[in-house]
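Commentary on secondary and tertiary structure
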Amino acid sequence: MASLAAAVAAIASSPVWAQSAPAAAAIEKTHDALFDLWFPQAELGLPPDAAKSIAEIAAEVSKAMLSGFEASPVAQLLAGFTEPQALPFYAELKASSDPAVQAFITTPGGFGAMDPAQRTPFYSYLFEGTAGPVSTQIASILREAYLSSIWDLPLAQPLSNFLAPPVFVSRPDFYSMLNAPAIAPSRLTYDAASKTISHADGPIEYLVIGSGPGGATVASQLQAAGKRVVLIEKGPFVVWGSMTTRSYPRLMYKGDQSFTADNAVVIRSGETLGGGSAVNIDLAFSPLESTVQTRINGWIADGLMDGTYYSTERLATAYEWVRQAIGTRTLAESELNSDNQALWDGAAAYGADPSLYHLNRFPVGASPSPVNDKLDAARQLLYPAIADTANPLGIIPDATVDEIVFDATGTRATGVTLHMTAPWTDYGNTVVDPSKLGIPPDVPVSIAAETIVVSAGTIGTTRVLLNTAKANPKVANDKIGRGLILHPSVPLLGLFDKVIDLLDGLDSATYVSSFGASPGFIYETMAGLPAYGALLVPGSGKQVYEEMARFNNYVGFGCMLVDTPSEDNRVVLDATGDTVLEYTLSDSDKARFRIGVAIGVRMMFLAGAKKVIIPSNENVLGGENFDPMVGTYFTDIKQADLIDENLKFIPNRNVLTSAHLQATNKMGPAGTGVVSLNHRLWAADGSEVPNVYVMDSSIFPTSVGANPMQSLYTIAKIFSERLIEGIPQPS
């Protein structure tokens, strides 16, 4: 697959730099040209006074963007657009007879100095892919970078005429002082001489890595059973209620700037106390839902899950505990806003059965926080455990586990190595070093434990296991990281002739699972700010403006594919040890996805939309002389029939998103799985590692069939009971 990292490295190591790197002024000119391409102020038709004010705001936004790009890969891409010879596809550009391409490569200063009339045709050339997939990838990345920044709040609020909901309370530092959870005196100590962490009361019985639904459930249940437990979390400990944690970039994997290796799918994964339960909308699909039960029953029938423990009856009992412990509630139809109502009406008109979500959220107006209504794993499960003075749960946030350490035989784990990262303190609403360890960042530290439970999520757990396998061949397993499931989603936008105001009320309340078991896709309502919406509108900067100016009249929902596993889809480590997600939709998944998108377009029209947009600059309508820089939108329900023939899901010409990563460390028999049906890690010789367990979404043998949050809580509850009861030791 084409890799952004490889493209950036190729630009940075280009021999051109040895002669003369582009001057800062030339790069700034390239930046200005790209800013104008995606925000062509002279073409927007604003009244003179408004145009002047917007120009002043835009100048500040542009300046801040350029400064922010300096420390990101975008800086290298701007340099490549300034000095074309440094681009890895320069040979293809040079061989082209396209006038716009020739203007780009022959004009000193590249994109910023070329004839402005040729910039859009040059971008069209890049999107068409004639110069190879990396050229399309770079074009897409720059488009995303510019539109998401241009349509952030300073410009979006006046142009889209909306009020953004607050992210933070007015004084998050004071709020946190008054509302920080009680934390019992720590039993953990750090010895700087030996660089080890230990427990004052004796050996650590259970070390849990990761604090999402799986890890939080396991850690809290073991602590409640009187076990000595320590929980390690890579992300920060945010005081609940001080901010809206949903989709906040600092609390996400790679700052919410993560994509698959070819930039085809946007990846969203939590890295904060509470994990995915803190950053996702938390749509609560019961594990007893037919789409989920179909998968679980299939796993049991295929010998990939222990039906004795994960029977329907035991799942039902465990799920009732989840509902009570987390506070899951059922919505009422009266809570539907206009955005949610559109999916409800469109599905009903199509003949599908819409449903109301269960949400892990306070009822509207009932939250003790003025900005956050989530009932996440940290607040509901971990806060009571860390406050218990008799047996407090040990907690270490801002800590990255590097690998699992084994004894001399290489067959029994003795602990882990980790390093601390600089804590996030920008708003004064995080608990820094709650265990009072005083460990400096980046110092390698070890912590011993009798049993290790890895619950770091599909990406984090895979990274730990791959690092461990490199250090200890006796637990190396080629299956680690393979079979990645993403649940990719295509957002759909529908323009209505009435005000929708999708930010008013619940951001998601309805779904349609009628097609979940077969063919395998689900519809969910969605909402987002213009910075996200702008990415979904194909076409020129002017077209994006025209649609974002009508932001309040748009409905949003998405078609989520229940994708099938392939060993070629996987999480790997690059040369620096960083995680890379390699993923390609199979032909059969594309075929099912096309059906789902087409039905979604039809449901949007049936709900009353006058225009429907899918985030694709492919020739989805099959028009002649198609230009990928000219957006084409659906204006008639009959046009949905064209999707099956024309939508190819070409990487970087569509916007696909993913927030449900699963299945990289599958449960199954030795030789086929990464963990056993007892959740234990398989050793290379086919035996169970007696004291290393995995409990998170990575163990699912296939897709679980829906949003996995509630299934994770439920399975983790049963797994915790198994640990407490005593899982038989391997012979």
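Residues numbered from 1 in each chain as written. Predicted model: local features only at pLDDT ≥ 70, side-chain atom pairs only at ≥ 80, totals over all residues. Heavy atoms only, no water.

Taken in spatial order, the six strands make up an open sheet running E10-E4-E3-E14-E24-E23, and their pairing is mixed. Edge positions in the open sheet fall to strand E10 (394-396) and strand E23 (680-682), since each of these has one partner strand only. Averaged over all neighbouring strand pairs, the angle between strand axes comes to 30°, with direction disregarded. Here strand E3 (residues 206-209) pairs with strand E14 (residues 451-454) via four bridges, running parallel. When the sheet's bridge partners are listed, Val 208 is paired in E14 with Val 453. (Pairing = 2+ DSSP bridges. Helix = DSSP H or I, 4+ residues; strand = E, 2+ residues; numbered from the N terminus. Axes fitted to C-alpha atoms, helices over the stretch in contact; angles between N-to-C directions.)

Looking now at the sheet that holds strand E13 (residues 445-448). Taken together, five strands build an open sheet; the order of strands is E1-E2-E13-E12-E11 and the sheet is mixed. With partners counted over all chains shown, the strands left at the sheet margins are strand E1 (188-191) and strand E11 (399-406), one partner each. Strand after strand, the sheet turns through a mean of 30° between neighbouring axes, direction not considered. Pairing of strand E2 (residues 196-199) with E13, which is carried by two bridges, proceeds in the parallel orientation. Each bridged residue has a counterpart across the sheet, and for Thr 196 the counterpart in E13 is Ser 446.

Further remarks concern the side chain of Arg 119. Mapping Arg 119 onto the fold places it in helix H8 (residues 116-128). Despite its burial, Arg 119 pairs with no opposite charge, the nearest such side chain being Asp 36 at 5.0 Å. Polar side-chain contacts of Arg 119 include one of 3.1 Å to the backbone oxygen of Phe 111. Engagement of the side chain of Arg 119 in a polar contact is seen with the backbone oxygen of Gly 112, the distance being 3.0 Å. If we skip the residues at most four places from it in the chain, Arg 119 touches Ala 33, Phe 111, Gly 112, Ala 113 and Met 114. (Buried < 20%, exposed > 50% of the residue type's maximum accessible area, 1.4 Å probe, protein only. Lys, Arg positive; Asp, Glu negative; His and termini not counted. Salt bridge = Lys/Arg side-chain N within 4 Å of Asp/Glu carboxyl O. Polar contact = N/O pair within 3.5 Å; in protein donor to acceptor, adjacent residues only side chain to side chain. Contact = heavy atoms within 4.5 Å.)

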